[in-house]
Amino acid sequence: MVSAVSFAGFISVKLYGEKKGIKLTSFFGGLVNSDATVASISQKIKSAGSRAKKLVPSYVSSAILSNTSMLIRNLIIVFIAGGYLLLPKLTVYVSIMIFVSLLTIFAETFRKDKSKTHKTKLTTPFAIKPAIKFGVLFFVLYVIVNLANSYFGDTGLVFVTILGSLINSSAIVASIASSTASESITLSTGITMILVTCTISVAKKLFIAKVMGNKLFYKKMILPTAVTTVVGLILIAVSFLFF
């Protein structure tokens, strides 16, 4: 599945060019690894030189789109991992984050963008390594999640979730969904932890933009990232207090 998505992103740039293809690639890239996608976008902006200012609006909206597809992917992972009981309420919460993220993309679209299409260096469309890496991370995090919950309760689970989210959100989401399906953790805890994972995954893109992008790109990423992150925090509170 990972290889297929990577191949789709490769084809989109070949068919539509970078200006349109970058958004398609960002969407598909977010399904695979949104952190790597935003890092790639940040690097391209930083190396764009005098053209960076014109490219920023398009690339910011592409980075946000990558976050949006990451949220969609997390719901798909919950389903695949067998967390069916999580989906009714979790879909509502995550859909709100997706809607807010799309609104920020819509707002960014109205920014002046005079960027011209330019060629991008395309790498191999097949991504076997990420697929293997995901499988290993999933297994390790699944074991850690269950051990943390067994020995330390919710406190240990929160720590593992936060740490795992900083490394790989898809693997931690799969682990939590599987643990919930096996009744190792409760539904309410599973929903809250997945929302924590989604929110952290959105927020850390700002750090990536700061470290790997230029100042203008980072500055333009602050508002859309902050808005979606705040909404995520509110949803976490609602889930924790009322579910």
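Scroll up to find the structure.
Here's what I pulled together on the structure shown here.

Calculation criteria
- Residues numbered from 1 in each chain as written.
- Predicted model: local features only at pLDDT ≥ 70, side-chain atom pairs only at ≥ 80, totals over all residues.
- Heavy atoms only, no water.
- Helix = DSSP H or I, 4+ residues; strand = E, 2+ residues; numbered from the N terminus.
- Buried < 20%, exposed > 50% of the residue type's maximum accessible area, 1.4 Å probe, protein only.
- Contact = heavy atoms within 4.5 Å.
- Areas by Shrake-Rupley, 256 points an atom, 1.4 Å probe, with all protein chains shown as cover.
- 1 Å grid on protein atoms, 1.4 Å probe; cavity = no way out; pocket = protein on both sides within 12 Å on 5 of 7 lines; lining within 4 Å.
- Points joined across faces, edges and corners; volume = space filled by probe spheres on them.
- Nonpolar A, V, L, I, M, F, W, Y, C, P; charged D, E, K, R; others polar.
- Axes fitted to C-alpha atoms, helices over the stretch in contact; angles between N-to-C directions.
- Parallel < 35°, antiparallel > 145°, perpendicular 65-115°, else oblique.
- Left-handed = near helix turned anticlockwise from the far one by under 90°.
- Phe/Tyr/Trp six-rings, centres within 6.5 Å; stacked < 30°, edge-to-face > 60°.
- Salt bridge = Lys/Arg side-chain N within 4 Å of Asp/Glu carboxyl O.

Okay, the overall build of the chain next. Within the chain one finds 7 helices and 0 strands. Starting at the N terminus and walking to the C terminus, you meet the elements of the chain as α-α-α-α-α-α-α. Scored against the burial criterion, the 243 residues of the chain give a buried share of 49%. Restricting to contacts in the chain with at least 6 residues of sequence separation, those with at least 24 account for 79%. When the accessible surface of the chain is totalled, it reaches about 12,400 Å², and 72% of it is carbon and sulfur.

Looking at where F99 falls in the secondary structure, it is placed in helix 3 (residues 87-109). Overall, F99 belongs to the exposed group, its relative accessible area being 51%. Counting along the chain gives 31 residues from F99 to T68, while the straight-line C-alpha distance between them is 8.6 Å.

The next thing to look at is empty space enclosed by the protein. Any empty space left between atoms is shown by rolling a water-sized probe over those atoms. Inspection of the entire model under this criterion finds 3 cavities of 30 Å³ or more. Taken as a whole, the largest cavity encloses approximately 80 Å³ of empty space. As for the largest cavity, its lining consists of V32, N33, S34, D35, R73, I167, N168, S169, S170, S201 and K204. Of all elements in the fold, only helix 1 (2-46), helix 5 (169-181) and helix 6 (187-212) reach the threshold of two or more residues within the lining of the largest cavity. With 4 residues, helix 1 is the single largest residue contributor to the lining of the largest cavity. Here the residues of the lining of the largest cavity sort into 2 nonpolar, 6 polar and 3 charged.

So, about unusual backbone geometry. Here E183, not a glycine, exhibits a phi torsion of approximately 65°, which is positive. With a relative accessible area of 70%, E183 lands in the exposed category.

What follows covers the packing of helix 2 (residues 52-80) against helix 6. Look at helix 2 against helix 6: their axes get within 10 Å of each other, and the N-to-C directions meet at 155°. Classed by the angle they form, the pair helix 2 and helix 6 counts as roughly antiparallel. In the crossing of helix 2 with helix 6, the sense of the turn from one axis to the other is right-handed. Here N67, M70, L71, N74 and V78 of helix 2 come into contact with helix 6, specifically with I194, C198, S201, V202 and K205.

In this structure the tally under the stated criterion is 2 aromatic pairs. Ring geometry for F27 and F28: centres 5.6 Å apart, planes at 75°, overall edge-to-face. By relative accessible area, F28 is classed as partly exposed at 23%. With 5.4 Å between their ring centres and 70° between their planes, F79 and Y84 make a pair best called edge-to-face. Note on F79: relative accessible area 48%, which makes it partly exposed.

Here we come to the pattern of salt bridges. As enumerated under the stated definition, the model contains 2 salt bridges in all. Residues K204 and D35 are paired through a salt bridge, measuring 2.7 Å at the closest nitrogen-oxygen approach. Within this pair, whereas K204 is found in helix 6, its partner D35 is found in helix 1, the two being separated by 169 residues in sequence. Of the two residues, K204 and D35, neither departs from the other in class, the shared state being buried. Across the pair K205 and D35 runs a salt bridge, and its minimum N-O distance is 3.2 Å. With a gap of 170 residues between them, K205 in helix 6 and D35 in helix 1 connect regions that are remote in the sequence. With a relative accessible area of 0%, K205 lands in the buried category. Connected through salt bridges with shared partners, the residues D35, K204 and K205 form a single ionic network.

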